[in-house]
Amino acid sequence: MPLKVGIIQQHNTQDAEDNVRRLSEKCRTLAQQGAQLIVMQELHNSLYFCQTEDVDKFDLAETIPGPSTEYFGKLGRELGVVIVISLFEKRAAGLYHNTAVIIESNGTIAGKYRKMHIPDDPAYYEKFYFTPGDLGFHPINTSVGRLGVLVCWDQWYPEAARLMALQGAELLIYPTAIGFESSDTTDEQERQREAWITVQRGHAVANGLPVITVNRVGFEPDPSGRTKGIQFWGSSFVAGPQGELLYRADSRNECEQVIKVDLERSEQVRRWWPFLRDRRIDKYGDILRRFID
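Naming follows an unreviewed UniProt entry, where the chain appears as N-carbamoylputrescine amidase of Hallella multisaccharivorax DSM 17128.

1. Looking at the packing of helix α1 (residues 16-32) against helix α2 (residues 67-79)
One can describe the packing of α1 onto α2 by two numbers: an axis separation of 11 Å at closest approach and a directional angle of 15°. Between α1 and α2, the angle falls in the class roughly parallel. Here α1 runs over α2; the crossing is right-handed. Seen from α1, the contacting residues are Val20, Leu23, Ser24, Cys27, Arg28 and Ala31; seen from α2, they are Tyr71, Phe72, Leu75, Glu78 and Leu79. Residue classes in the contact of α1 with α2 are distributed as eight nonpolar, one polar and two charged.

2. Some thoughts on the packing of helix α4 (residues 158-166) against helix α5 (residues 186-207)
Contact geometry of α4 with α5 gives a least axis separation of 10 Å together with a crossing angle of 35°. Considering how the two elements wind past one another, α4 and α5 form a crossing that is right-handed. Across from Pro158, Ala161, Arg162 and Ala165 in α4, the residues of α5 making contact are His203, Ala206 and Asn207. Residues of the contact of α4 with α5, tallied by class, amount to four nonpolar, two polar and one charged.

3. Details of the UniProt feature "domain: CN hydrolase" (unreviewed entry) in the chain
UniProt tags residues 3-265 as "domain: CN hydrolase" (unreviewed entry). A distance of 11 Å separates the end C-alpha atoms of residues 3-265, which is 25% helix and 30% strand.

4. Considering the sheet that holds strand β4 (residues 95-103)
On the basis of which strands lie adjacent, the open sheet formed by six strands has the order β5-β4-β3-β2-β1-β15 and mixed pairing. Two strands bound the open sheet, and with one partner strand each, they are β5 (109-114) and β15 (255-261). Between one strand axis and the next, the sheet turns through 30° on average, direction left out of account. Here α1 sits on the sheet in contact with β1 (3-9), β2 (37-39) and β15, set at roughly 155° to β1.

Parameters at a glance
Residues numbered from 1 in each chain as written. Predicted model: local features only at pLDDT ≥ 70, side-chain atom pairs only at ≥ 80, totals over all residues. Heavy atoms only, no water. Axes fitted to C-alpha atoms, helices over the stretch in contact; angles between N-to-C directions. Helix = DSSP H or I, 4+ residues; strand = E, 2+ residues; numbered from the N terminus. Parallel < 35°, antiparallel > 145°, perpendicular 65-115°, else oblique. Left-handed = near helix turned anticlockwise from the far one by under 90°. Contact = heavy atoms within 4.5 Å. Nonpolar A, V, L, I, M, F, W, Y, C, P; charged D, E, K, R; others polar. UniProt positions renumbered as here; feature names shortened; annotations may be inferred. Pairing = 2+ DSSP bridges.

Here it is as structure tokens:
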């Protein structure tokens, strides 16, 4: 039986309570449509606050366990679904992470992943807020499968996807917040979005695994006024183990969608294309170096 995966691509506003309310309504809709696993976008409770460096934004962070894990835990238990949520984690005073939490269908926390690769670009000042993750790249066992959960900027790194695959991940999952820089040309914007999709489809192919990527959508202004804000490009998608697109959302509108994913097909694809068998693990030592002069 295929796994029914629900994705939520949402446009957030300053009203965090309303953002969460709409997410929960969409979870209910997806569960009614048969979803067994629901994946949300990165930092889904609020606006993308990393457009500016503002110490007051640390007030958005919460503990794990905490209010959001309790809220979505109750929802997951009520609906009988596994939910991947994405939170601004307060671990200790002055120590914060960008953390994905996997809620089991009985409402408990199955596991968590702290974002490992932290970007620092104009309007994406994540190094100001997030300490790099220290939990490593380890899949999390759930009632719907062994999930390789990563977060946004991690999606550009084949090493992260490979390490998840080598530890038995059955799906690669990427909650995401990425969009267009307003000063770039239309052609450059399109190149960036297509590169983003292509590299993740490449992870599917190289590892023989389905990939689920859920991005935010809509315009969010820069509260400092230094930039013209971010137009998040949506385009959430699900790819199969040969990189084939099973679903792709558009770039402008919210969506909630259930997509059927055949996890058993990965076994067959890996028999045809035995990349893991043919890896030259005796020759890859230099991959641990920053650069080879």
